[in-house]
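Structural characterization, general
The residues making up each chain are set out below.
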Amino acid sequence: MKSELDKKAVSEHRKSCVNCGAELVYKPGTSEIKCDYCGHEETITPVIADFEELELKPYLNAMGSQSHSEEIMMLHCQNCGAHQHIEENYKSLHCVYCTSPLIIEDAYKEEWIVPGAVLPFQLDHKKSHQIFSKWVQDLWFAPNNLKKAALDPEYTKGLYLPYWTFDAQLAASYTGQRGDYYYVTVPYTTTVNGKQVRQTRQERRTRWTPASGRVGGFVDDTLIKASHQRQNPIPSKIAHWNLQDLRPFDNSFLAGFVTEKYTIPLKDGHLASTEEAKRIARSWARHDIGGDTQQVHSVNMQLSEETFKHILLPVYISAYRYNGKKYNFFVNGQTGAIAGKRPYSFWKIFFFSLFVLAIVAGFLWFSYTYEPPR
């Protein structure tokens, strides 16, 4: 008899084929989900409504956080701390970050704020491998065995990362100084042909005048990371997405992919977005002050009409081992940007260094022994 957990360990991110019962998976770059066994395809019905921006303040208390939320089954990696949505029909699976085994019997239930939007994958699994292979081939001093290695598909996963986005009306008053450049002629003494001579040069000065004023405007989609990666954090190099391609949330886009739950609470995300709003306010103040340079002494900022969304963004992650050490690489699931850790061949570096030293030594020997003809 199945336990209560087994009965409930069914991911809403999976859908069965009406013909053969196999799993339907999302086809990156399309609006289709497909059965890889019998070829059956279904179209994801487009959502006509705009993204739902949730009012922030009610969500910052316990009562508000219960609306627009649902209960999901999660697995926690004891090795690296990642939180991943479990997948139906798996008796065991591996962490997308560190490849450590995750046992479905360890699953637990947890509430989350339902995503308001998703950026669907534009690259499929095969394309992500092609990008990785080219990256490996271009690596300097990479071990030959690495260049021959084939990644195990079991350890390469498409992952939806959780982010918060915040919108707000920003109004701020500021005080500061405006700096305008001017130039003065300054005499100086230098040596020319062994003699001391007097010359002049132009030096820049700054004329400062007090400045104050008010700035304001709409701050749209401040993007704040919503999960901690204790090990192997997502490199900033690939963490850039075109949010114009966001789609209203539909579970079908998640079919066949792993989804990570946010571990940075909404209130902490809001604090981070407020700091970003302060940076924006100071930037607007400098622009408003004008001149050639500016100093901003104080900013009194207020945010109103604050809303937020929980969104999911795509990335491919692979963990692989070489000579007993683990390495990760990451591919942006929309743009194809890649970054990762890589091993170096000690012997390649050693022999290259010897080669360079041999060339330098040969050049020095030739320079020392060469006697030009008389």
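Residues numbered from 1 in each chain as written. Predicted model: local features only at pLDDT ≥ 70, side-chain atom pairs only at ≥ 80, totals over all residues. Heavy atoms only, no water.

Brief notes about a nonpolar patch on the surface
The grouping of Phe355, Val356, Ile359, Val360, Phe363 and Leu364 at the surface amounts to a nonpolar patch, some 590 Å² of accessible area in total. Inspection of the secondary structure puts Phe363 in helix 6 (residues 346–369). (Patch = residues over 30% accessible without salt bridge, like charges linked within 9 Å, V, L, I, M, F, W, Y side chains within 5 Å. Areas by Shrake-Rupley, 256 points an atom, 1.4 Å probe, with all protein chains shown as cover. Salt bridge = Lys/Arg side-chain N within 4 Å of Asp/Glu carboxyl O. Helix = DSSP H or I, 4+ residues; strand = E, 2+ residues; numbered from the N terminus.)

As for the pairing of strand 3 (residues 32–35)
Judged by which residues are buried, strand 3 turns out to be one-sided: Ile33 and Cys35 face inward and are buried, whereas Glu32 and Lys34, on the alternate face, are not. Pairing of strand 2 (residues 23–26) with strand 3 involves three bridges; the strand directions are antiparallel. Residue pairing for strand 3: Tyr26 is matched across the bridge by Ile33. In textbook terms, the turn of a hairpin is the stretch between consecutive antiparallel strands, and for strand 2 and strand 3 this stretch comprises five residues, one of which, Gly29, has a positive phi near 85 degrees. Two elements, strand 3 and strand 4 (residues 41–43), share three bridges in a ladder whose sense is antiparallel. Of the residues in strand 4, the one forming a bridge with Lys34 is Glu41. Linking strand 3 back to strand 4 in an antiparallel pair, the connection comprises five residues, with Gly39 at a positive phi of about 85 degrees. (Buried < 20%, exposed > 50% of the residue type's maximum accessible area, 1.4 Å probe, protein only. Pairing = 2+ DSSP bridges.)

Examining the side chain of Ser128
Summarising the element assignment, Ser128 is placed in helix 3 (residues 125–137). A residue is classified by how much of its surface remains accessible, and Ser128, at 1% relative accessible area, is buried. One polar contact links the side chain of Ser128 to the main-chain carbonyl oxygen of His125, over a distance of 2.6 Å. Setting aside its immediate chain neighbours within four residues, Ser128 contacts Thr156, Tyr316 and Val331. (Polar contact = N/O pair within 3.5 Å; in protein donor to acceptor, adjacent residues only side chain to side chain. Contact = heavy atoms within 4.5 Å.)

A short note on the packing of aromatic side chains
Overall, the coordinates contain ten aromatic pairs when judged by the stated rule. Ring geometry for Trp164 against Phe308: centres 5.9 Å apart, planes inclined by 65 degrees, an arrangement best described as edge-to-face. Placement of Trp164 in strand 12 (residues 156–192) and of Phe308 in strand 16 (residues 293–322) is noted, with a sequence separation of 144 residues between them. What makes Trp164 buried here is its relative accessible area of 0%. (Phe/Tyr/Trp six-rings, centres within 6.5 Å; stacked < 30°, edge-to-face > 60°.)

Digging into the nonpolar core
Grouped together as the largest cluster of nonpolar side chains are 24 residues, with contacts concentrated most on Tyr26, Val118, Tyr160, Val331 and Ile338. For this core, the elements supplying multiple residues, two or more each, are strand 2, strand 3, helix 3, strand 16 and strand 17 (325–332). No other element matches helix 3, which puts four residues into this core. Ignoring any residue separated from it by four or fewer positions in sequence, one finds Ile338 in contact with Ile131, Phe132, Trp135, Lys237, Ile238, Phe329, Phe330 and Val331. Of all hydrophobic cores here, the second largest spans 17 residues; its members include Ile234, Leu243, Ile311 and Ala339. (Core = buried A, V, L, I, M, F, W, Y, C linked by side-chain atoms within 4.5 Å.)

Observations concerning helix 5 (residues 266–289)
Look at helix 5: 34 Å from first C-alpha to last across 24 residues, which is about the 34 Å you get at 1.5 Å a residue. Of all the positions in helix 5, only Leu266, Gly269, His270, Ser273, Thr274, Ala277, Ile280, Ala281, Ala285 and Ile289 are classed as buried. Looking one or two places after helix 5, you find Gly290, whose phi comes out positive at around 75 degrees. (Expected span 1.5 Å × (residues − 1).)

Description of the confidence of the model for the protein
Scored by pLDDT, the protein has a mean of 78; 68% of the residues are at 70 or more. Least confident of the elements in the protein is helix 1 (residues 4–8), whose mean pLDDT is 30; most confident is helix 5, at 95. For the stretch residues 1–12, pLDDT sits under 50, and the model shows 18 contacts to residues farther than four places along the chain or on other chains. Taken together, the stretch residues 88–92 has pLDDT below 50 and engages in eleven contacts with residues farther than four places along the chain or on a different chain. (pLDDT = per-residue confidence, 0-100.)

A word on the pattern of salt bridges
The final tally for this structure, using the stated rule, is seven salt bridges. Put simply, Arg178 and Asp180 hold a salt bridge, and the shortest N to O gap is 3.1 Å. On the accessibility criterion, Arg178 (32% relative accessible area) is partly exposed. Judged by relative accessible area, Asp180 falls into the partly exposed class, the value being 22%. Note that Lys309 is salt-bridged to Asp221, the shortest N-O span being 3.2 Å. Here the residue Lys309 occupies a position in strand 16, and Asp221 occupies one in strand 13 (residues 195–225), the gap between them amounting to 88 residues. Exposure remark for Asp221: the relative accessible area of 23% places this residue in the partly exposed category. Connected through shared salt-bridge partners, Arg201, Glu203 and Arg205 make up one network.

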